[in-house]
Amino acid sequence: MAMEEFLVAIHQGKLSDALSVVQAKPLQYFSNTPLNVAMVGEPGSGKSSFVNSMLGKRPGEPGAAETGIQTTTTKAKEYPLPMLQQVILWDLPGREESYSARADQVDLSRFDFFIIVGYQRFRTVHAELVHEIQAMGKRFYFVRAKTDLDLEASRRRQPSGYDDTKVLQRIKEDCVTCLLSESVIDPQVFLVSNWDPQTLDFPLLLQKLQSDLLWLKRQAFISSLPSLSAPVLENKKAATKDKIWLNALYSGLLGFLPVPGISFAAAMFFFVRFRSLCYRVFGLDDMSLTALARDVGKPVAALQAAMTSRRLMPIILWRLPDLVGAVLMMVEYCWWQRFPFAGCMVSGSSSFFTSYYMLRSCLTAVARDTQNVLSRALEGRERATI
């Protein structure tokens, strides 16, 4: 029901009511929401082995992720997690430190939650992933894989004074310190052994994931709202298109008047009026934005900053052809001393066509701005829910 109520509110141009409908739902309501969890990290860090640990499978078993000494994951693969309803693990290709320059990189915005898998030390690629995930307003766990190998190496280096607890504490503190230096609040770090998953922090990780699950699913549901509203916005856009022709026609007819600059003034009048209509229809007028900003605890200016339709420069560029008609009228009046037939024709026809495409562009921008404003409004909400 929440989705239907949300879409009805979007159709009515009531963005504040749309978000209130969803946020009033109890956590249990989101239990059937799919949660896509991405395993990310550098090649060879043990992501695929960790996926198998999560699945409760050994390498080579049916449905297990492929593992090996060489890089085995070359494209994103999904694995439904049996122990948790509607949770899908995604084993992603390893990310190199120069990965940002590659054309075949996986779009992380597709995923709802992340587990960064690292080995031996915190690397540049981990910092890049942290920044990218936090920029999307999403959450992650950091898993230090192959910790059993670190313990074995420490035991060989210091056989006499070796202490498992101190080594594990030092490894975890190092990971936490590195994450805190990247502005991560309350970093969640887990030390695991891919070969013996029931040891170290693996059981704690599963408990943490289970306790966070409904919050994460709620966040995933909220994150999907802007894209889910697209069909409704397209219908509203189609219904508003009928008014474009009439406004463009009025603008063109006034442009035929033998007054230099009249086409610009008329076009701007009809544009501002049409844009105001679109803002009211889509719920982006000042009153609606003020109500939305109050509900989400953000300044109105922050929501308006997400709106490309408010920018002045594209409007000015659209009206440059009006100068041609105005100048031609002035030439006919002052130099040729005759009625500006040519100037009127140029002014009126150019005003009609530029107004038509300008209003179409405005309508498209306002529909897109509705999704942008929803996304901006939800950014704070998503971070505050977990």
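Scope of this entry: the structure provided in the associated data block. (Residues numbered from 1 in each chain as written. Predicted model: local features only at pLDDT ≥ 70, side-chain atom pairs only at ≥ 80, totals over all residues. Heavy atoms only, no water.)

## Remarks on the layout of surface pockets
The volume enclosed by the second largest pocket comes to roughly 320 Å³. Gln134, Lys138, Arg139, Val184 and Ile185 are, among the 16 residues lining the second largest pocket, the residues nearest its centre. Those elements giving two or more residues to the lining of the second largest pocket turn out to be strand 5 (139-144) and helix 7 (202-228). Counting residues per element, the lining of the second largest pocket draws most heavily on strand 5, at three residues. Taken together, the residues of the lining of the second largest pocket sort by class into seven nonpolar, four polar and five charged. (1 Å grid on protein atoms, 1.4 Å probe; cavity = no way out; pocket = protein on both sides within 12 Å on 5 of 7 lines; lining within 4 Å. Points joined across faces, edges and corners; volume = space filled by probe spheres on them. Helix = DSSP H or I, 4+ residues; strand = E, 2+ residues; numbered from the N terminus. Nonpolar A, V, L, I, M, F, W, Y, C, P; charged D, E, K, R; others polar.)

## Thoughts on the packing of aromatic side chains
Two aromatic rings, taken as a pair, are described by how far apart their centres are and by the angle between their planes. Considering all chains together, one arrives at 16 aromatic pairs under this definition. Measuring from ring centre to ring centre gives 6.4 Å for Tyr29 and Phe221, while their planes differ by 90 degrees; the resulting arrangement is edge-to-face. Here the residue Tyr29 occupies a position in the loop between helix 2 (15-23) and strand 1 (35-40), and Phe221 occupies one in helix 7, the gap between them amounting to 192 residues. Accessibility expressed as a relative area gives 10% for Phe221, which makes it buried. Ring plane angle 35 degrees and centroid distance 6.0 Å describe the contact between Trp245 and Phe352, whose orientation is recorded as tilted. Linking Trp245 in helix 9 (residues 242-255) with Phe352 in helix 15 (residues 341-385), this pair joins segments that are 107 residues apart in sequence. Overall, the relative accessible area of 18% leaves Phe352 in the buried class. One aromatic cluster in this structure is built from Trp245, Phe352, Phe353, Tyr356 and Tyr357. The lysine or arginine in question, Lys25, covers the ring of Tyr29, its NZ or CZ lying 5.6 Å from the ring centre. (Phe/Tyr/Trp six-rings, centres within 6.5 Å; stacked < 30°, edge-to-face > 60°. Buried < 20%, exposed > 50% of the residue type's maximum accessible area, 1.4 Å probe, protein only. Lys NZ or Arg CZ within 6 Å of the ring centre and 35° of its normal.)

## Observations concerning the sheet that holds strand 4 (residues 113-118)
Ordered by their spatial adjacency, six strands build an open sheet running 2-3-1-4-5-6, and the pairing between neighbours is mixed. Looking at which strands have only one partner, the edges of the open sheet turn out to be strand 2 (77-80) and strand 6 (189-191). Sheet twist, expressed as the average angle between the axes of neighbouring strands with direction ignored, equals 25 degrees. Where strand 1 lies against strand 3 (residues 87-91), five bridges are found, and the strand directions are parallel. Considered in strand 3, the bridge of Asn36 is made with Ile88. The strands that helix 4 (residues 124-135) touches are strand 1, strand 4 and strand 5; relative to strand 4, the one it contacts most, it runs at about 170 degrees. In the packing of helix 6 (residues 164-181) onto the sheet, contacts are made with strand 5 and strand 6, and the angle to strand 6 comes to roughly 150 degrees. (Pairing = 2+ DSSP bridges. Axes fitted to C-alpha atoms, helices over the stretch in contact; angles between N-to-C directions. Contact = heavy atoms within 4.5 Å.)

The analysis is restricted to geometry; functional conclusions fall outside its scope.
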